Amino acid sequence: MDRYLVFGHPVRHSKSPFIHTLFARQTQQELEYGLAEPAVDEFAQALRTFFDQGGKGCNVTVPFKEQAFTLVDCLSPRAKRAGAVNTIKLTDDGVLLGDNTDGAGLVADLKSHGVTLADSRILLLGAGGAARGALAPLLAELPSELVIANRTHTKAQQLAAEFHDLGPVTAQTYEQLAGAFDLVINSTSASLQGELPPLAPALIHTDIAIYDMMYGASDTAFISWAKQHGARQTMDGLGMLVEQAAEAFTVWRGIRPGTKQVLRELKRNLGVI
Ligand code: ATR
C-alpha cells in the first residue's frame, strides 16, 4: 500500500493522519498515513530512509519546514516563494518535489467562509514562516492593500520588500496602524502562550473579518479579544489545516477531496461541536 506520513517534533497530536485517512476513504484511494517524530538533528536521515523504503510522499511541520526546503531535489514556485516546504512528493522519475500548500490552504478557507479578498484592505500580523507562506497566495487575490505588522518591525520591512514585486504590500509598526481594515490575519505564535499581538482595540469594527491561524478546542486568545471588541466574523486555523491537507492530497494523488464533511468530523473529534 502507498505510504505517506507527517514529519514533525512534536507531532503526536497532529490531526494530519485523521484528515488524510478520511480523504483516502472518501476518494477510495488505497494508502496509509502515519507519523514520524525524529530528533531535531536526525530529520534529514529520517526523510532519506522513508523514501528509500518506498514512501510516496510526506507532510512536514514544525520545526522541519525550512530544512525540508534545502533537502528536496526541486521546488514548486510557491515553495520557493515561501522559503519552506510542507509537502514532499516522490515523482515517477524518482525526484523529490518540495511544495508548500499552507498559503493556498489559508486562501481556500477564507473563501469558503465567504471572505472577499479582491480590493480588500488586509492586515497581516507577524513576519515569521507562517506569514511568509501566506503572502504570495494572498497577493494573488489582488487586495487593494496588504499591511504587515510585526513586533520586530525590521522583519516586517524585510518581508514587505521581498514581496513588493507581487503587489501593494507595506510594513507598519503596530502603533502606526490606522483606518478600517477588512480582514486581519493573525500569523503570530502569540496565542500559543495565551498572549495577544499589541493591536489597538480601535482597529476592530463590526464588519471586520478576523482570522487566527492558530486553533484550539475553545477560542484562541486573539479571537476572544476580537469578539470582546465587536468583531462578528471570526475564524480559526482549523479550516486552513484541512484545506492545506486537501491541497497536499491533490498534489500526491491527482484527485481533490472534499473538505466540508472532513472539517465537521475533525471538529467533532476535537470536541469543538
Ligand atoms: P511561524 O513559523 O509560526 O511564523 P516564527 O517564525 O517563530 O513562527 O514567527 C512567530 C511570529 O510571531 C513572529 O512574527 C513573532 O514576532 P517577532 O518577529 O517579533 O519575534 C510573532 N510573535 C510571537 N509572540 C508574539 C507576541 N507575544 N506578540 C506579538 N508577536 C508575537
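Residues numbered from 1 in each chain as written. Predicted model: local features only at pLDDT ≥ 70, side-chain atom pairs only at ≥ 80, totals over all residues. Heavy atoms only, no water.

How do you make sense of the packing of helix H5 (residues 102-112) against helix H6 (residues 129-139) when you look at a structure like this?
Describing two packed helices takes the angle between their axes plus the distance from one axis to the other. One can describe the packing of H5 onto H6 by two numbers: an axis separation of 7 Å at closest approach and a directional angle of 55°. It follows from the interaxial angle that H5 and H6 lie oblique. In this structure, the crossing between H5 and H6 has a hand that is right-handed. For the pair H5 and H6, contact is made by Gly103, Ala104, Leu106, Val107 and Leu110 and by Gly133, Ala134, Pro137 and Leu138, respectively. In the contact of H5 with H6, the residues fall into 7 nonpolar, 2 polar and no charged. (Axes fitted to C-alpha atoms, helices over the stretch in contact; angles between N-to-C directions. Helix = DSSP H or I, 4+ residues; strand = E, 2+ residues; numbered from the N terminus. Parallel < 35°, antiparallel > 145°, perpendicular 65-115°, else oblique. Left-handed = near helix turned anticlockwise from the far one by under 90°. Contact = heavy atoms within 4.5 Å. Nonpolar A, V, L, I, M, F, W, Y, C, P; charged D, E, K, R; others polar.)

Would you mind showing me how to read empty space enclosed by the protein here?
Sizing a probe to match a water molecule and rolling it over the atoms shows the empty space that remains. Here the structure, examined in full by the defined rule, presents 1 cavity of 30 Å³ or more. Together, Arg78, Arg81, Ala82, Asn100, Gly103, Arg132, Gly133, Ala136 and Pro137 line the largest cavity. Every element with two or more residues in the lining of the largest cavity is listed here: helix H4 (77-82) and H6. Sorting elements by how many residues they give to the lining of the largest cavity places H6 first, with 4 residues. Considered class by class, the residues forming the lining of the largest cavity number 3 nonpolar, 3 polar and 3 charged. (1 Å grid on protein atoms, 1.4 Å probe; cavity = no way out; pocket = protein on both sides within 12 Å on 5 of 7 lines; lining within 4 Å. Points joined across faces, edges and corners; volume = space filled by probe spheres on them.)

Can you help me understand the site of the ligand in this one?
The environment of the ligand is formed by 15 residues, the closest being Asn150, Arg151, Thr152, Lys155 and Glu195. In the model, an oxygen atom of the ligand is placed 3.1 Å from a nitrogen or oxygen of the Gly129 main chain. The side chain of Thr152 places a nitrogen or oxygen atom 2.5 Å from an oxygen atom of the ligand. With the chains in place, 75% of the 650 Å² that the ligand exposes on its own is no longer accessible. Looking at side-chain class alone, the shell around the ligand contains 5 nonpolar, 7 polar and 3 charged residues. (Near = heavy atom within 4 Å. Polar contact = N/O pair within 3.5 Å; in protein donor to acceptor, adjacent residues only side chain to side chain. Areas by Shrake-Rupley, 256 points an atom, 1.4 Å probe, with all protein chains shown as cover.)

Function cannot be inferred from these measures alone, as they are strictly geometric.
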